[in-house]
Amino acid sequence: MTINIGGLTLKNPFTTASGTFGSGRELAALWAERGIPLNVLGAVTTKGVSLEPWPGNDGVRVAETASGLLNSIGLQNPGVEAFCAKDLAWLATQDVPVIANVSGHAEADYAAVIRRLDREPAVSAYELNISCPNVDSGGMAFGVDPVAAARVTAACRAATARPLIVKLTPNVTDITVIARAAVDAGADALSLINTVAGLALDPQTGQPVFDRGVAGLSGPAIKPIALYAVARVHAAVAVPLIGMGGITTGQDVRDFLAAGATAVAVGTATFTDPFTLPRLIAEWTHPSA
Amino acid sequence: MTAPLCHPERSEGSLRAKSLAATTLQNRALTTDLFQLTLDAPAIAATLAPGQFVHLRLPNPAHVLRRPFSVSAANPEAGTLDIVYQVVGAGTAELSGVTRGASLDVLGPLGRGWRPPVGTRHALLVGGGVGAAPLLPLAQSLPAADVVLGAQTAARLVGHADFAGRVGADHVYITTDDGSAGQPGFATDVTRDLLAAHPYDYVATCGPEPMQRLVAALARAADVPCQVSLERRMACGVGVCLSCVVTTTTGRARACAEGPVFDAAEVAW
Ligand SMILES: Cc1cc2nc3c(=O)[nH]c(=O)nc-3n(C[C@H](O)[C@H](O)[C@H](O)COP(=O)(O)OP(=O)(O)OC[C@H]3O[C@@H](n4cnc5c(N)ncnc54)[C@H](O)[C@@H]3O)c2cc1C
Ligand SMILES: Cc1cc2nc3c(=O)[nH]c(=O)nc-3n(C[C@H](O)[C@H](O)[C@H](O)COP(=O)(O)O)c2cc1C
């Protein structure tokens with residue numbers, strides 16, 4: 001039984017949540033110790049890549065919360081050329097579909113990254129990150145406004161024939177409005193959710209822990225928010241959904257699939273246990289075991 | 001804006017890491033808030049190099065992040081790892097309650113450890129508080145060293161007896177802020193004097209970052225190569241999430257992969 005995500009065929013419904021798996025090299029080395037190949041995954045979703053190198057944010061970048069994690073990485077990445085030369089060149093040898101997660105400050109940046117990656121046979125699909133709370137220009141700004149979401153989706157649609165996935169933020173009044181705008185502008189599938197905007201204060205000073213104040217919450221703490229978003233968007237649009245947000249157990253996977261997701265992504269749970277994805281895949285493949 | 005740097009080819013540590021269930025052989029209080037944990041983890045003890053760390057998963061699943069700890073002793077024959085830790089928050093408090101026989105999920109060895117220049121003969125090691133822990137296996141691996149240990153107070157001194165056993169008691173210099181042990185004052189004062197008196201060929205330091213920075217500046221002034229071991233908040237511990245970055249002269253490097261041990265000269269303090 002294969003899974004179809006807007007034209008992308010996967011052997012199982014499991015992928016990595018962007019930014020929590022790098023491009024797979026480090027986790028693949030760890031998995032290899034137990035004889036698990038990277039291509040047990042349905043697909044690898046890469047860390048966000050932008051046209052030029054981005055240095056990411058200054059100051060503290062992560063803080064633990066009750067059953068959750070706040071991050072403010074700021075989409076640090078070496079830029080699309082270095083990504084192609086190093087990450088993609090390696091991924092091309094791994095026999096696994098690659099979903100490239102794309103970031104930009106402006107519409108034209110997203111489309112330019114996609115035009116560059118479209119020359120790379122190792123890329124199977126794109127996931128547009130219009131939902132990151134951790135950068136000032138671009139990022140979530142596109143994901144909270146249906147007009148901006150539609151424009152960036154349309155610009156990327158025009159740049160590629162490959163499956164186009166748009167990743168949504170929960171930090172909106174009505175996520176179905178943005179979902180419809182993205183689908184109407186040509187998205188083949190949607191990913192949801194990106195992190196939930198949150199704040200942490202230093203108990204000593206009362207000042208924000210993170211330099212930008214806001215950070216993005218992930219992990220089991222956001223699962224109910226994510227599940228609700230998936231159920232609502234499933235009722236509103238007809239495209240396949242990749243569900244994510246706190247997925248840690250086999251029951252979490254079943255919940256997201258029951259709420260209307262076609263596939264799932266695991267992020268924070270990989271930090272807790274780097275073998276979470278292989279464990280969930282084994283459980284899904286052999287439910288009785 | 002400096003270009004971000006990722007050097008997967010330099011992160012040999014993480015590429016040899018293993019994840020395993022280790023049995024707790026011992027978890028004893030050294031003082032009121034310092035503990036020593038001994039784990040049965042042969043596969044990690046076999047390859048861990050001085051200065052590398054392990055990432056421990058806490059028993060309570062409400063903690064989504066592991067906790068990073070340097071290894072103060074790895075014994076490949078016995079298959080054991082020692083960690084000395086200070087209780088500073090919820091995670092280390094929980095760790096202090098782990099009992100003998102309990103299983104702990106350990107990931108390691110991680111990161112890059114100390115890299116003394118080839119042919120190092122006489123090193124100076126400067127540890128602040130619990131930061132002395134990763135210097136213990138380094139002291140073991142060097143032909144000769146002087147060791148400066150600083151702490152706020154006598155009860156926060158780590159490893160002085162072990163260091164004395166390795167380099168000789170008269171090569172261990174102790175300072176405490178409150179004068180409750182050794183010389184009153186800061187480790188950096190003694191470091192300055194020692195650097196003026198002896199021709200060291202390597203300085204290694206770990207502890208509070210302001211102390212490490214000052215030690216690095218003193219070593220630089222004395223023209224001695226220096227390495228520092230930097231702590232950053234980490235999530236994955238294996239180089240994928242870019243949480244623990246250190247700003248270096250050539251861009252951002254990951255403390256868990258390119259570090260935690262860095263050449264002092266490459267750190268942009
Ligand atoms: C490479 C490395 C080696 C270390 N070696 C040792 C050691 O040998 N002995 C020892 O006592 N401590 C060591 N530390 C520090 C140790 O990891 C923290 O004290 C511990 O994580 C605190 O957890 P907590 O839940 O008790 O504190 P909390 O403050 O409640 O922790 C909250 C979060 O912040 C993180 N955090 C808090 N303080 C630090 C810190 N100083 N460095 C990194 N993350 C931190 C925690 O991991 C956790 O994610 C090391 C840190 C690093 C990065
Ligand atoms: C450290 C970290 C980095 C992330 N980086 C990205 C990114 O580059 N692009 C992106 O679209 N989402 C990014 N995310 C969001 C995740 O892909 C995911 O949507 C979110 O964390 C919810 O899933 P989880 O609870 O399983 O982690 C990041 C999340 C974390 C925790």
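This text gives an overview of the structure that appears in the document. Everything numeric in this text was worked out from a predicted model, so none of it was measured.

**A few points about the overall build of chain A**
Thought 1: Helix and strand counts for chain A stand at 10 helices and 14 strands.
Thought 2: Along the first, second and third principal axes, the C-alpha set of chain A runs to 50 × 45 × 40 Å.
Thought 3: In chain A, which comprises 289 residues, the share counted as buried stands at 61%.
Thought 4: A sequence separation of at least 24 residues applies to 73% of the contacts in chain A between residues at least 6 apart.
Thought 5: Counting only carbon and sulfur atoms, one obtains 56% of the accessible surface of chain A, whose full area is about 10,200 Å².
Thought 6: When the 19 basic and 24 acidic side-chain charges of chain A are each reduced to a single mean position, those positions are 4 Å apart.

**Quick notes on the side chain of R67 of chain B**
Thought 1: Along the chain, the position of R67 of chain B falls in strand β4 (residues 67-70).
Thought 2: Using a relative accessible area of 19% as the deciding quantity, one classes R67 of chain B as buried.
Thought 3: A polar contact of 2.9 Å, which involves the side chain of R67 of chain B, links it to the backbone oxygen of L65 of chain B.
Thought 4: Ignoring any residue separated from it by four or fewer positions in sequence, one finds R67 of chain B in contact with E64 of chain A together with V54, H55, L56, L58 and G91 of chain B.

**Digging into the interface of chain A and chain B**
Thought 1: Opposite the 39 residues of chain A that make contact, chain B presents 33 residues.
Thought 2: Summing both partners gives a buried area of about 3,000 Å² for chain A against chain B, and 60% of it is carried by carbon and sulfur.
Thought 3: Three residues, E26, E64 and F271 of chain A, lead the burial of chain A against chain B; their summed loss comes to 22% of the area buried on that side.
Thought 4: Summed over the shared surface of chain A and chain B, the result is five salt bridges.
Thought 5: A salt bridge links R254 of chain B to E26 of chain A, with the nearest nitrogen and oxygen atoms 3.4 Å apart.
Thought 6: Inspection of the chain A/chain B interface yields 13 residue pairs in polar contact (both at pLDDT 80 or more).
Thought 7: Mapped by element, the contributors of at least two residues to the side of chain A that touches chain B are α1 (25-32), β5 (62-65), β6 (68-71) and α9 (268-272) of chain A.
Thought 8: Per-element accounting of the side of chain A that touches chain B gives the leading share, five residues, to α1 of chain A.
Thought 9: Looking at the side of chain A that touches chain B residue by residue, the classes come out as 17 nonpolar, 12 polar and 10 charged.

**Quick word on the site of ligand 2**
All names here are of chain A.
Thought 1: Close to ligand 2 lie 22 residues, the nearest being S18, K167, G219, G246 and T268.
Thought 2: Residue S18 places a main-chain N or O atom 2.8 Å away from an oxygen atom belonging to ligand 2.
Thought 3: Between K167 and ligand 2, the recorded distance is 2.7 Å, taken from a side-chain N or O atom to an oxygen atom.
Thought 4: Considering ligand 2 on its own, with 610 Å² of exposed area, one finds that the protein chains cover 99% of that surface.

**Observations concerning the pairing of strand β7 (residues 103-110) of chain B**
Residue and element names in this part refer to chain B.
Thought 1: For β7, the buried fraction is high: seven of the eight residues fall into the buried class.
Thought 2: Summarising the sheet, strand β1 (residues 18-29) and β7 pair through six bridges and their orientation is antiparallel. Across the sheet, residue A21 finds its bridge partner in β7, namely D105.

Reading the values: the criteria
Residues numbered from 1 in each chain as written. Chains lettered and ligands numbered in written order. Predicted model: local features only at pLDDT ≥ 70, side-chain atom pairs only at ≥ 80, totals over all residues. Heavy atoms only, no water. Helix = DSSP H or I, 4+ residues; strand = E, 2+ residues; numbered from the N terminus. Buried < 20%, exposed > 50% of the residue type's maximum accessible area, 1.4 Å probe, protein only. Contact = heavy atoms within 4.5 Å. Areas by Shrake-Rupley, 256 points an atom, 1.4 Å probe, with all protein chains shown as cover. Lys, Arg positive; Asp, Glu negative; His and termini not counted. Charge placed at Lys NZ, Arg CZ, Asp CG, Glu CD. Polar contact = N/O pair within 3.5 Å; in protein donor to acceptor, adjacent residues only side chain to side chain. Buried area = accessible area lost by both parts, 1.4 Å probe. Salt bridge = Lys/Arg side-chain N within 4 Å of Asp/Glu carboxyl O. Nonpolar A, V, L, I, M, F, W, Y, C, P; charged D, E, K, R; others polar. Near = heavy atom within 4 Å. Pairing = 2+ DSSP bridges.

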